[in-house]
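Here's the letter readout for the chains.
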Amino acid sequence: MVVQIWSALQAVLNGLLTGALYAIVGMGMALIFGVMRIVNFAHGAFMMLGMYATYVLFEKLHVNPYFGFLAAAAILFVLGYATYEGLLRRIADRSDFMQILLTLGISLIITDGVQLIFGADYHQISIPLLDINVKLGPHISLNAPWLLSFAITVVLATGMFLFVMKSRLGRALRAIAQNRYAASLMGIDVMRVQALSFGLGLAAVGAAGGLLLPVFYLYPTAGDQFTLKAFVIVVLGGMGSVGGAAIAGLVLGVIENLTSLYWGNEWALVVDFIVFLLVLSLRPSGLFGSQRV
Amino acid sequence: MTRQRTLIAVAAFALCMLVPLFVHQDYQLNVLFRLFLFAALSLAWNLVGGYAGQLSLGQAAFFGCGAYGLVLFNEKLGVPIPIAFALGVVIAVGAAFLIGRVAFRLRGPYFALSTIAFAEVLRISAKNLTSITGGDVGVQAPALFGSDPSRWFYWSAVLLTAAAFAITVWIARSRFGYWLQAIREDEDTALACGIDAAGTKLRALMISAALSAIGGGLYASLFYFIVPDQVLGLDISNQIAIAGMLGGAGTLTGPIVGAVLLESANELFKNLFHEAHLLIYGVLIVLVVLFLPEGIVGTLGRLWRRRTQRA
Amino acid sequence: MIRPSWLSRTLLLALVVGAACKGGDEGKPAASNTFRIGVVTSLTGSQAAFGQAHKNGYSVALAEINAKGGVHGKQIELVYYDDQSKPDQAVQGVAKLVDQDHVPLILGGFSSENTRAMIPAVTAKKVPLIMPTATADNVMETGSTWVYRICGGSSSYAGATVGFLKETGAKTIAIVYENTNFGQANAKAMKELAAGAGMSVIDEEAYQANSPDYKALLQRVKSNNPDVVYFASYLIDATTLMRQSAQVGLNPKYVTSAGTGFAAPEFPTEKQAGKYAEYTYSVSQWMATSKYPGSKEFDAAFTKLSGAHPAYHGMEAYATLVVAADAINRAKTEDSAAISEAIRATKLTTPFGPIEFDAKGQNPHQILITQVQGGQYKVVWPGDQAEAKPVPTPAWDDRH
């Protein structure tokens with residue numbers, strides 16, 4: 001019985017560690033979806049780009065991924081801004097269909113493009129930190145890279161939250177999320193702010209990718225699973241709520257790990273989707289959101 | 001439909017049915033089968049995605065229900081083939097009912113995402129419940145046609161496409177279709193006019209599911225063997241929706257055009273571009289969205305209308 | 001007024017049907033001076049790396065056989081069909097190779113599900129199929145008389161592992177497998193055979209491949225305290241699972257596996273599991289250090305062609321083509337039925353090992369058990385092939 005409690009606790013802790021990364025991915029999606037109502041099916045593909053960027057920096061310039069992720073974030077910001085200006089802006093007033101379709105197309109281009117350039121092979125990096133496990137008593141063991149990325153994501157998440165709540169740009173974002181036309185009447189350059197927030201959303205996802213790289217592996221379709229998880233997180237946390245997405249990411253990580261522990265790893269993804277459907281049916285505004293669905 | 005158009009449709013249908021007189025090889029007939037199958041699936045998608053304006057990205061759920069229904073009822077429970085086939089369709093319609101009840105309360109992107117979620121739940125469950133579905137080890141499908149199967153499958157696919165087309169025409173011109181389009185244009189106003197939005201959308205989804213399930217059963221039998229990723233996968237749902245949008249959602253012939261183009265491109269690119277074919281696919285989608293938002297048929301129709309109006 | 005959408009649709013259809021017919025006519029009749037053999041494998045898609053290994057193995061064999069004069073005085077021509085790692089494309093491949101390219105014999109596919117899908121097709125078209133790598137047991141249970149498999153199947157993987165473990169007295173086993181055809185087939189085989197060796201299966205864990213975190217799963221396994229863990233994993237997951245086993249503190253007496261990831265050349269290297277791979281056991285179809293004549297030469301030729309050492313997939317492809325050429329030479333005529341009969345009567349020694357087909361078409365290939373010792377794979381079972389003795393597995397905390 002005691003062993004079972006420790007097992008569950010271990011699973012919860014591991015879930016929080018994984019969930020922190022989910023939180024960043026979800027917050028990026030919350031910025032994009034919540035503010036711009038863009039259904040970004042390319043979210044995971046961009047995350048994969050962040051992973052590749054960090055990988056290349058590690059392999060060629062020996063930049064530690066725990067610094068490299070910042071570079072990945074910067075690159076993804078620029079890419080996001082450019083993608084918005086170049087492609088998404090043109091269909092900003094068209095239907096959701098078209099956005100979904102466009103981001104799907106972009107996702108295919110990115111994924112296949114990376115495969116053509118880098119090949120379909122799996123890559124993995126090896127840093128000494130991977131072998132270190134922090135032991136909390138005889139029953140709990142936490143892997144060091146995950147702890148480090150947890151610490152970093154807490155800082156990132158807090159930063160993003162404060163930015164959205166306190167800064168001028170953040171206020172502009174929230175204004176647009178509430179009512180686009182009114183916001184433009186208030187003198188906000190809607191297009192520019194949206195481009196910036198798309199860039200920021202992708203920067204977040206790129207950072208998450210960089211942090212994930214040491215503990216995961218790299219291949220062209222590595223990001224795909226995260227696109228759908230990001231949607232689940234955003235829905236769970238509540239539309240347009242960046243803070244909500246952070247909490248929801250943590251919750252999802254814990255739910256997945258507990259599912260793995262009690263039912264088996266193969267059901268974890270199904271539980272993600274069931275959570276998604278339950279939230280949409282029973283509490284569409286999510287845990288913290290206020291927008292109508 | 002005007003008499004002229006009806007004649008063209010019938011002539012085209014007859015032409016397609018005569019093809020096996022000239023084409024004999026299994027490989028070619030199979031390629032054409034896939035073409036017509038996807039045309040039928042896109043037409044089925046179009047009822048919900050085009051006419052009702054609800055982007056469904058989970059059609060694979062119904063397709064897979066049809067496939068697994070036929071295979072499991074026949075292989076595992078010994079039910080005779082025609083009944084197993086019908087049961088697969090019934091299950092798909094049931095799934096549509098369930099999905100619709102939950103998802104149609106949601107608007108726009110939430111609906112699309114929930115259709116994906118449903119299809120994925122089905123796919124992963126099929127993978128995990130190996131004692132029932134055989135999981136990834138797969139199950140063999142019964143043979144629907146004994147001798148010369150490729151021909152019969154081809155004809156079945158053409159018939160299915162014709163049926164889907166006929167249903168689309170009937171819906172488009174009927175009051176039911178009018179309701180669907182009203183919902184698409186402005187659901188709140190439609191509700192205010194007394195249209196039962198939820199029920200109408202649900203019925204459209206159920207018809208769409210039935211057609212897709214028939215396609216699923218045919219596909220399973222032709223390719224002998226099914227695994228969850230093959231018949232319940234996201235890429236099938238995507239391909240169906242993309243074909244519909246490429247050709248023109250909400251038009252009569254758009255999905256057929258879209259499916260034909262996409263499948264032909266697939267076949268061509270497979271040999272010419274190998275690994276790059278997904279990239280080309282993606283570029284194609286981006287170009288169509290940016291420059292041909294109403295799809296090919298939609299854009300052509302609009303240009304034609306403009307020309308005739310000027311005169 | 002005929003609207004352009006209708007016109008365009010009709011024209012488009014006519015175009016496509018025409019194109020399909022025309023495209024079909026590219027099936028030229030076999031040139032009189034080459035002998036065509038069809039090959040279905042996964043050159044693109046998720047299995048592309050393995051399909052490429054096939055191609056390299058076939059190429060080495062092709063060069064050797066053609067240098068010796070080919071078959072029936074003609075050079076062999078391999079006609080490849082890429083199934084894109086999808087089962088329905090593999091079925092299409094059979095149709096194209098037989099109907100358009102008129103091959104009397106097909107080699108392939110790579111994965112078990114693609115191969116399994118092809119069997120009804122080759123049976124209907126009455127063309128023999130020689131399978132190099134499909135290990136799932138269901139490919140040999142269809143009752144078709146046109147299929148032959150040169151590699152050992154998942155039941156022989158489980159059989160070899162169980163045979164090795166019987167000598168050790170282990171009593172309990174946990175099976176951890178990926179939730180795909182490969183994993184499910186191997187898990188099923190081990191479940192069925194473990195009981196026969198006096199071992200009870202106390203835990204079965206399926207996982208979603210390519211996940212970042214298996215710690216919860218490994219915790220569950222640990223809490224059951226098995227003597228043996230049997231993994232069915234590809235390379236990436238093999239690495240993750242071993243690393244996270246150390247983090248979780250899972251210490252069975254024997255870590256065994258159904259090959260593939262745990263038998264990959266890169267697995268014990270620093271780039272993958274490195275020291276976490278040490279002491280793990282795996283099944284193997286073939287090693288370059290194997291005692292069969294020609295192994296080292298094949299290893300050298302393959303490395304020269306592709307720049308990397310062959311895993312057993314390349315060897316299997318090589319052996320498959322060698323078997324095919326030998327059968328064609330012995331066949332009375334050049335049609336499929338005669339070739340199939342000749343394959344059935346095969347009795348060859350190859351670098352892969354001796355090859356002979358039983359009544360079902362299976363070659364009773366001897367599976368080896370290897371252990372990673374000092375970063376190298378060493379054969380430890382069966383006795384007559386062993387090059388080292390098995391080393392007991394120390395607990396993670398006791399390792400340096």
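Being a predicted model, the structure only gives us computed values, none of them experimental.

**Q** Residues and numbers for the overall build of chain B, please.
**A** Of regular secondary structure, chain B possesses 15 helices and 2 strands. Relative to its length of 311 residues, chain B is compact, with a C-alpha radius of gyration of 19 Å against a globular reference of 19 Å. Residue burial in chain B is summarised as follows: out of 311 residues, 60% are buried. Sequence-distant contacts, at least 24 apart, represent 76% of the contacts inside chain B between residues at least 6 apart.

**Q** I'd like a rundown of the interface of chain B and chain A, residues and numbers included.
**A** In this complex, chain B contributes 32 residues to the contact, which on the side of chain A involves 33 residues. Looking at the side of chain B that touches chain A, the elements that each hand over two or more residues are α5 (108-128), α12 (234-247) and α14 (277-291) of chain B. It is α5 of chain B that provides the largest number of residues to the side of chain B that touches chain A, a total of 13 residues. The class makeup of the residues in the side of chain B that touches chain A is 23 nonpolar, 6 polar and 3 charged.

**Q** An account of the environment of alanine 208 of chain A is needed here, citing residue identities and associated values.
**A** Residue and element names in this part refer to chain A. Relative to the helices and strands, alanine 208 resides in helix α8 (residues 190-212). When the C-alpha atoms of alanine 208 and glycine 237 are compared, they prove to be 18 Å apart, with 29 residues separating the residues in sequence. The contacts of alanine 208, once residues within four sequence positions are left out, are Leu21, Ile24, Val25 and Met47.

**Q** So, the sheet that holds strand β10 (residues 281-284) of chain C: which residues are in play, and what are the values?
**A** Residues and elements named next belong to chain C. With antiparallel pairing, the 3 strands of this open sheet are ordered in space as β10-β13-β14. Both outer strands of the open sheet, β10 and β14 (376-381), are each paired with one neighbouring strand and no more. The average undirected angle you get between the axes of adjacent strands in this sheet is 40 degrees. Sheet topology note: the β10/strand β13 (residues 368-373) ladder contains 4 bridges and is antiparallel. Within β13, the residue paired with serine 282 across the bridge is threonine 370.

**Q** A description of the nonpolar core should follow, citing residues and the corresponding values.
**A** Within the largest apolar cluster, 358 residues are counted, with the highest numbers of intra-cluster contacts made by Met27 and Leu76 of chain A, Ala40 of chain B together with Leu321 of chain C. For methionine 27 of chain A, the residues in contact, after removing those within four places along its chain, are Ala157, Met160, Ala204, Val242, Ala245 and Ala246 of chain A.

**Q** So what about the sheet that holds strand β4 (residues 129-131) of chain C? Which residues, and what values?
**A** All names here are of chain C. Strand order in the open sheet formed by 5 strands is β2-β1-β3-β4-β5, with parallel pairing between adjacent strands. Single-partner strands in this sheet number two, and they are β2 (75-82) and β5 (147-149). Across the sheet, the mean angle separating the axes of adjacent strands is 25 degrees when strand polarity is ignored. Bridge analysis of strand β3 (residues 106-108) against β4 gives 2 bridges, and the strand direction is parallel. The residue bridging leucine 107 from the neighbouring strand is isoleucine 130, located in β4. Contacts from helix α2 (residues 48-67) reach β1 (34-41) and β2, with the element oriented near 170 degrees to β2.

**Q** I'd love a proper account of the packing of helix α3 (residues 87-99) of chain C against helix α4 (residues 112-125) of chain C, names of residues and values included.
**A** Residues and elements named next belong to chain C. Relative to each other, α3 and α4 sit at 30 degrees, their axes nearing to 8 Å. The interaxial crossing formed by α3 with α4 has right-handed handedness. Of the residues in α4, those in contact with Pro87, Asp88, Ala90, Val91, Val94, Ala95 and Val98 of α3 are Glu113, Asn114, Ala117, Met118, Ala121, Val122 and Lys125. In terms of residue class, the contact of α3 with α4 is built from 10 nonpolar, 1 polar and 3 charged.

**Q** Any chance you could break down the environment of threonine 103 of chain A for me, citing the residues and the numbers?
**A** Residue and element names in this part refer to chain A. With respect to the helices, strands and loops of the structure, threonine 103 is situated in helix α4 (residues 96-118). A count of 26 C-beta atoms within 10 Å places threonine 103 in the buried class. Expressed as a C-alpha distance, the spacing of threonine 103 and phenylalanine 41, which sit 62 residues apart in the sequence, is 5.2 Å. When near neighbours in sequence (up to four residues on either side) are disregarded, threonine 103 contacts Val39, Asn40, Phe41 and Ala42.

**Q** Could you give an account of α14 of chain B, with specific residues and numbers?
**A** Here α14 of chain B spans 21 Å end to end across 15 residues, near enough to the 21 Å set by a 1.5 Å rise per residue. For α14 of chain B, the full list of buried residues reads His277, Leu278, Leu279, Tyr281, Gly282, Ile285, Val288 and Val289 of chain B.

**Q** A description of unusual backbone geometry should follow, citing residues and the corresponding values.
**A** Residue and element names in this part refer to chain C. Of note, the bond from glycine 108 into glycine 109 is cis; its omega dihedral lies within 30 degrees of zero at -15 degrees. Here glycine 109 is to be found in the loop between β3 and α4. The omega torsion of the bond from tryptophan 381 to proline 382 falls at -5 degrees, within 30 degrees of zero and hence cis. Its place among the elements puts proline 382 in the segment after β14. The phi torsion at tyrosine 279 lies on the positive side, around 75 degrees, for a residue other than glycine. Residue tyrosine 279 is classed as partly exposed on the basis of its C-beta count, with 18 C-beta atoms lying within 10 Å.

**Q** Explain the confidence of the model for chain B to me, using residue names and the numbers behind them.
**A** Regions with low pLDDT should not have their predicted coordinates read in detail. With 97% of its residues at a pLDDT of at least 70, chain B reaches an overall mean of 88. Predicted complex, confidence summary: ipTM 0.85, pTM 0.87.

**Q** Which residues make up the pairing of β1 of chain C, and what values do they have?
**A** Residue and element names in this part refer to chain C. β1 sits mainly inside the fold: 6 of its 8 residues count as buried. Pairing of β1 with β2 involves 8 bridges; the strand directions are parallel. Each residue of the ladder has a partner; that of valine 39, found in β2, is tyrosine 80. Once you follow β1 into α2 and on to β2, the crossover reads as right-handed.

**Q** Quick one: what's the story with the environment of histidine 123 of chain A, residue by residue and with numbers?
**A** All names here are of chain A. In this fold, histidine 123 is placed in the loop between α4 and β1 (133-136). The exposure class assigned to histidine 123 is partly exposed, which follows from the 18 C-beta atoms found within 10 Å. Expressed as a C-alpha distance, the spacing of histidine 123 and valine 235, which sit 112 residues apart in the sequence, is 32 Å. Contact partners of histidine 123, with chain neighbours within four places excluded, come to Tyr55, Tyr217 and Leu218.

Rules used in this analysis
- Each chain carries its own residue numbering, running from 1 in the direction its sequence is written.
- Chain labels run from A onward and ligand labels from 1 onward, assigned in the order the entries are written.
- A pLDDT threshold of at least 70 governs which residues receive local features in this predicted model, and a stricter bar of 80 or more applies before side-chain atom pairs are shown or counted, although totals over entire chains, interfaces and linings include all residues.
- Strands are runs of DSSP state E lasting at least two residues, helices are runs of H or I lasting at least four, and both sets are numbered from the N terminus onward.
- Computation of the radius of gyration draws on C-alpha atoms, with the globule rule given as 2.2 Å multiplied by the number of residues to the power 0.38.
- Every C-beta atom is placed from the backbone, and the number of other C-beta atoms within 10 Å of a residue's own sets its class: buried at 20 or more, exposed at 12 or fewer, partly exposed in between.
- Any residue pair is listed as a contact if its two C-beta atoms, each placed from the backbone, are within 7 Å.
- The residue classification treats Ala, Val, Leu, Ile, Met, Phe, Trp, Tyr, Cys and Pro as nonpolar and Asp, Glu, Lys and Arg as charged. All others, Gly included, are polar.
- Pairing between strands requires that DSSP locate at least two bridges from one strand to the other.
- Convention adopted: a line fitted to C-alpha atoms gives each axis, helices being fitted over their contacting stretch, and angles between N-to-C directions are expressed from 0 to 180 degrees.
- Each nonpolar core comprises buried Ala, Val, Leu, Ile, Met, Phe, Trp, Tyr and Cys residues, the members being joined through C-beta atoms within 7 Å.
- By the definition used in this description, the sense in which the near helix is turned from the far one sets the handedness, with an anticlockwise turn below a right angle giving left-handed and a clockwise turn giving right-handed.
- Residue count minus one, scaled by 1.5 Å, sets the expected span of a helix.
- pLDDT gives the predictor's per-residue confidence on a scale running from 0 to 100.
- Orient the strands so they point away from the viewer; a crossover is then right-handed if the path from the first strand over the helix to the second runs clockwise.

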